[in-house]
Amino acid sequence: MRILVTGGAGFIGSNFIRHLLAKDPDCTVLNLDKLTYAGNLENLADVEGQPRYQFVKGSICDAEFVDEALGMGFDAVVNFAAESHVDRSIQDARAFIETNVLGTEILLDACRRRRVPRMLQVSTDEVYGSLGPRGRFTEQSPLSPNSPYAASKAAADLLAHAYFHTYRLPVIISRSCNNYGPYQFPEKFIPLFITNALADEPLPLYGDGLHVRDWLHVEDHCEALRLILKRGREGETYNIGSNSERANIDVARLVLRGLGKPDRLIAHVTDRLGHDRRYAIDAGKLERELPWAPRYTFEAGLLETIRWYQKNESWWRRVKDGDYRQYYHRTYGDLARPRPQSG
Ligand code: NAD
Ligand code: TYD
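The following refers to the structure shown. This structure is a prediction, so every number in the text was calculated from the model and none was measured.

1. A word on the site of ligand 2
Logical step 1: Near ligand 2, the surroundings consist of 19 residues, among which Glu126, Pro204, Arg213, Arg272 and His275 are the closest.
Logical step 2: Between ligand 2 and Arg272 there is a distance of 2.4 Å, counted from an oxygen atom to a side-chain nitrogen or oxygen.
Logical step 3: A distance of 2.7 Å is found between an oxygen atom of ligand 2 and a side-chain nitrogen or oxygen belonging to His275.
Logical step 4: Here ligand 2 loses 96% of its free accessible area of 510 Å² to cover by the protein chains.
Logical step 5: Among the elements of the structure, helix 3 (86-91), helix 6 (189-198) and strand 8 (203-206) are those that each provide at least two residues to the shell around ligand 2.

This is the structure in structure tokens:
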């Protein structure tokens, strides 16, 4: 299997590439990533140089470049490339529309023209909007996105669906709940709280802290995606979740307990605009059809993640300082417009 992974230098994409290379000895991966502020090739330093892995810098919004890359011939495309942080989308939605909507359309179109046998669009439960105290999202739940980020992901999902319906493009959509684990950019809730607590800095908890998220370890997400890629049905959508609903304030307390730090580091701050109250996923379809089951409990996975950030302080310090952006230039040189290489 030759697989093109877009956005593979980010949090989930880099974990997915490592997971795939370890699990499927026959697969080769080309990682196509624009290296935005969230893309960090250090996340893949341990697979760099493996003959089954290659990286090329480029954007999914560059139609000519994407078409040329796909011309190399792939058995599957997995699209992680996205702007992914809700708070940034509230500040300015433009990049979200460009990459998440236009970029996905460019990728879908190139997959259609190049007759790629399988495409996986990696999406999110946030497209379903917010839940009240009861109930869970199924694949039949109506799309009701509330943030510009969620709206851009919903638009991409609708385009993927339309390409299946109109052109029979063999595309599958996955919708995961919130992920946590190694290599997550420390602007997101869990790594931000871990790294702030490690530095004895306040943990900025939005509003009353009673917002609920369903937490999935990134390794469990990656295994679900690997199985969906292998055995998922074309034109279908699969929810991915692990029944690990937690209120933000409880997660904050668990992080502090895991580090032996006091609860007084929690600082209640102004709430996020339009903050969704609760997400919860019904992953029954995936569990029955693939089948798939998560391996991590939230408490064990969180503790392991806390230990990872403790052990990898130089990684997150460089990310927080912005120094990680030099890695590409040290490794690949300062190429003006790198082209995909075959092989
Ligand atoms: P991330 O922000 O850590 O990584 C995104 C990656 O995409 C980065 O490497 C970035 O450089 C790259 N990228 C951005 N724009 C690009 C472009 N135009 N062309 C090529 N590459 C580009 O995000 P993540 O948390 O790893 O999320 C990956 C995907 O999974 C996203 O599509 C996101 O919507 C989805 N998702 C994330 C979560 C979560 O909890 N993090 C949950 C469900 C779904
Ligand atoms: P986040 O990691 O941004 O994921 P999402 O908004 O996509 O679910 O946030 C997870 C939860 O944590 C969400 O309810 C917002 C909250 N949050 C805080 O309370 N403080 C913070 O500094 C951040 C980044 C998030």
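That was the structure; now back to the text.
2. Some details on the environment of Arg277
Logical step 1: Note on placement: Arg277 falls in the loop between strand 12 (266-269) and helix 9 (284-289).
Logical step 2: Judged by its relative accessible area of 35%, Arg277 falls in the partly exposed class.
Logical step 3: In the structure, Arg277 is positioned 68 residues away from Gly209 in sequence and 9.8 Å away in space, judged by C-alpha atoms.
Logical step 4: Other than its neighbours up to four places away in sequence, Arg277 contacts Ser130, Leu131, Asp208, Leu210, His211, Val212 and Arg213.
Logical step 5: Of note is the side chain of Arg277, whose polar atom sits 3.2 Å from the side chain of His211.

3. Overview of the site of ligand 1
Logical step 1: As a structural note, the neighbourhood of ligand 1 is formed by 28 residues, with Ile12, Asp33, Ser84, Tyr149 and Lys153 the closest of them.
Logical step 2: A distance of 3.2 Å is found between an oxygen atom of ligand 1 and a backbone nitrogen or oxygen belonging to Phe80.
Logical step 3: The side chain of Thr99 places a nitrogen or oxygen atom 3.0 Å from a nitrogen atom of ligand 1.
Logical step 4: Calculation on ligand 1 without its partners gives an accessible area of 840 Å², and the protein chains cover 97% of this total.
Logical step 5: Here the shell around ligand 1 takes three residues from strand 5 (residues 119-124), the largest share from any one element.
Logical step 6: Here the residues of the shell around ligand 1 sort into twelve nonpolar, 13 polar and three charged.

4. Brief notes about the side chain of Asp33
Logical step 1: Inspection of the secondary structure puts Asp33 in strand 2 (residues 28-33).
Logical step 2: No salt bridge forms around the buried Asp33; measuring N to O, its nearest opposite-charge neighbour Arg325 is 8.6 Å away.
Logical step 3: A polar contact is formed between the side chain of Asp33 and the backbone nitrogen of Gly8, at a distance of 3.3 Å.
Logical step 4: Those residues in contact with Asp33, other than ones at most four positions away along the chain, are Gly7, Gly8, Ala9, Gly10, Gly39, Phe55, Val56, Lys57 and Gly58.

5. Describing helix 11 (residues 313-321)
Logical step 1: When we look at burial in helix 11, the residues that qualify are Trp315, Trp316 and Val319. Take helix 11 and look down its axis: the buried residues cluster within an arc of 85°, on one side only.
Logical step 2: Tucked into the core, helix 11 has its buried residues touching helix 6 and helix 10 (298-311).
Logical step 3: One or two residues past the end of helix 11 sits Gly322, with phi positive at roughly 85°.

Rules used in this analysis
- Residues numbered from 1 in each chain as written.
- Chains lettered and ligands numbered in written order.
- Predicted model: local features only at pLDDT ≥ 70, side-chain atom pairs only at ≥ 80, totals over all residues.
- Heavy atoms only, no water.
- Near = heavy atom within 4 Å.
- Polar contact = N/O pair within 3.5 Å; in protein donor to acceptor, adjacent residues only side chain to side chain.
- Areas by Shrake-Rupley, 256 points an atom, 1.4 Å probe, with all protein chains shown as cover.
- Helix = DSSP H or I, 4+ residues; strand = E, 2+ residues; numbered from the N terminus.
- Buried < 20%, exposed > 50% of the residue type's maximum accessible area, 1.4 Å probe, protein only.
- Contact = heavy atoms within 4.5 Å.
- Nonpolar A, V, L, I, M, F, W, Y, C, P; charged D, E, K, R; others polar.
- Lys, Arg positive; Asp, Glu negative; His and termini not counted.
- Salt bridge = Lys/Arg side-chain N within 4 Å of Asp/Glu carboxyl O.
- Arc of directions from axis to C-beta.

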